[in-house]
Amino acid sequence: MGGLIYHYLINSAYADKIIFVKQNPKIKGTMGALISAKDLIETDFLVICSDNIFNCDDIDKLIEKPNSFLIINVTPEEKDNKYKDAKFSLIKHSNLNYLEAGAWYLSKDFINKEPVLVNGSNEFGIPHTIFLDYKINPSKYNIVYTADWLPVGTFWELNKAKDVLKTGAKKG
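Since we're looking at a predicted model, the values are computed, not measured.

### So, the environment of Ala-101
As for its placement among the helices and strands, Ala-101 is situated in strand β4 (residues 98-106). Considering only alpha carbons, one finds Ala-101 and Thr-146, 45 residues apart in sequence, at a separation of 8.6 Å. Ignoring sequence-local partners within four residues, the contact set of Ala-101 consists of Asn-52, Phe-54, Leu-70, Ile-71 and Trp-149.

Quick look at the structure:
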């Protein structure tokens, strides 16, 4: 997938505004990607997972304060059923009724944190790194709650999102 995105963007009107960084294959995951781009990050920055759709108002709230992350409240039933396949969400596996939604506004110095390995994988995750630090230093972080998060990582989720975006009404 990364190759398709690269070839699309390198031939687009934005090619001169984009710097491509090859991720170190030894440091995988979202945190590994940040570490690979460390020398290019000069200011606070926004990370949004591309397999999600967010409400613009929530993103505006997110970027008000560095070290903010977007979460959605879920019931225990939703966590166990509706979102059971959500990838690598440490918060999903905790005893909290939240699901980390894949959007973060981080301070430049966040990149110097010790990356945390995703359970059962060889990837280092941004949410895992945040969550571990949050448990120790909760005052360093700002939680932004959303009700308008739409995952679009599967064909079925994408179809549902298309219907929601057409009608403006979120369906269960």
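### A few points about the side chain of Asp-58
Its place among the elements puts Asp-58 in helix α3 (residues 56-62). Accessibility expressed as a relative area gives 5% for Asp-58, which makes it buried. Among all residues touching Asp-58, those that are not within four sequence positions of it are Leu-70, Val-144, Tyr-145, Thr-146, Ala-147 and Asp-148.

### Quick look at the pairing of strand β3 (residues 68-73)
In terms of burial, β3 is largely enclosed, as 5 of its 6 residues are buried. Bridge count between β3 and β4: 5 bridges; the pairing is antiparallel. Counterpart to Ile-71 in the pairing with β4 is Glu-100. Of the pairings in the sheet, the one linking β3 to strand β7 (residues 142-146) comprises 5 bridges and is parallel in character. In the sheet register, Leu-70 faces β7, and the bridge partner there is Val-144.

### Considerations on the pattern of salt bridges
As enumerated under the stated definition, the model contains 3 salt bridges in all. Measuring nitrogen to oxygen at the nearest pair gives 3.9 Å for the salt bridge that ties Asp-16 to Lys-17. Of the residues examined, Asp-16 reaches a relative accessible area of 63% and is grouped as exposed. Relative accessible area serves as the criterion here: at 65%, Lys-17 is assigned to the exposed category. Between Lys-113 and Asp-133 there is a salt bridge; the shortest N-O distance is 3.3 Å. Residue Lys-113 is located in the loop between β4 and β5 (116-117), and its partner Asp-133 is located in helix α6 (residues 126-136); the two are separated by 20 residues in the primary sequence.

### Side note on the nonpolar core
Core analysis: the biggest nonpolar cluster contains 15 residues, and Leu-34, Val-47, Trp-104, Leu-106, Phe-110, Ile-126 and Ile-130 have the highest contact counts within it. Of all the secondary-structure elements, those providing two or more residues to this core are α2 (29-36), β1 (45-48), β3, β4 and α6. Setting aside residues no more than four positions away along its own chain, Trp-104 makes contact with Phe-45, Leu-46, Val-47, Cys-49, Leu-62, Ser-68, Phe-69, Ile-126, Pro-127 and Ile-130. Core analysis: the next-biggest nonpolar cluster, separate from the first, contains 12 residues, Phe-54, Ala-101, Tyr-105 and Trp-149 among them.

Cut-offs and rules
Residues numbered from 1 in each chain as written. Predicted model: local features only at pLDDT ≥ 70, side-chain atom pairs only at ≥ 80, totals over all residues. Heavy atoms only, no water. Helix = DSSP H or I, 4+ residues; strand = E, 2+ residues; numbered from the N terminus. Contact = heavy atoms within 4.5 Å. Buried < 20%, exposed > 50% of the residue type's maximum accessible area, 1.4 Å probe, protein only. Pairing = 2+ DSSP bridges. Salt bridge = Lys/Arg side-chain N within 4 Å of Asp/Glu carboxyl O. Core = buried A, V, L, I, M, F, W, Y, C linked by side-chain atoms within 4.5 Å.

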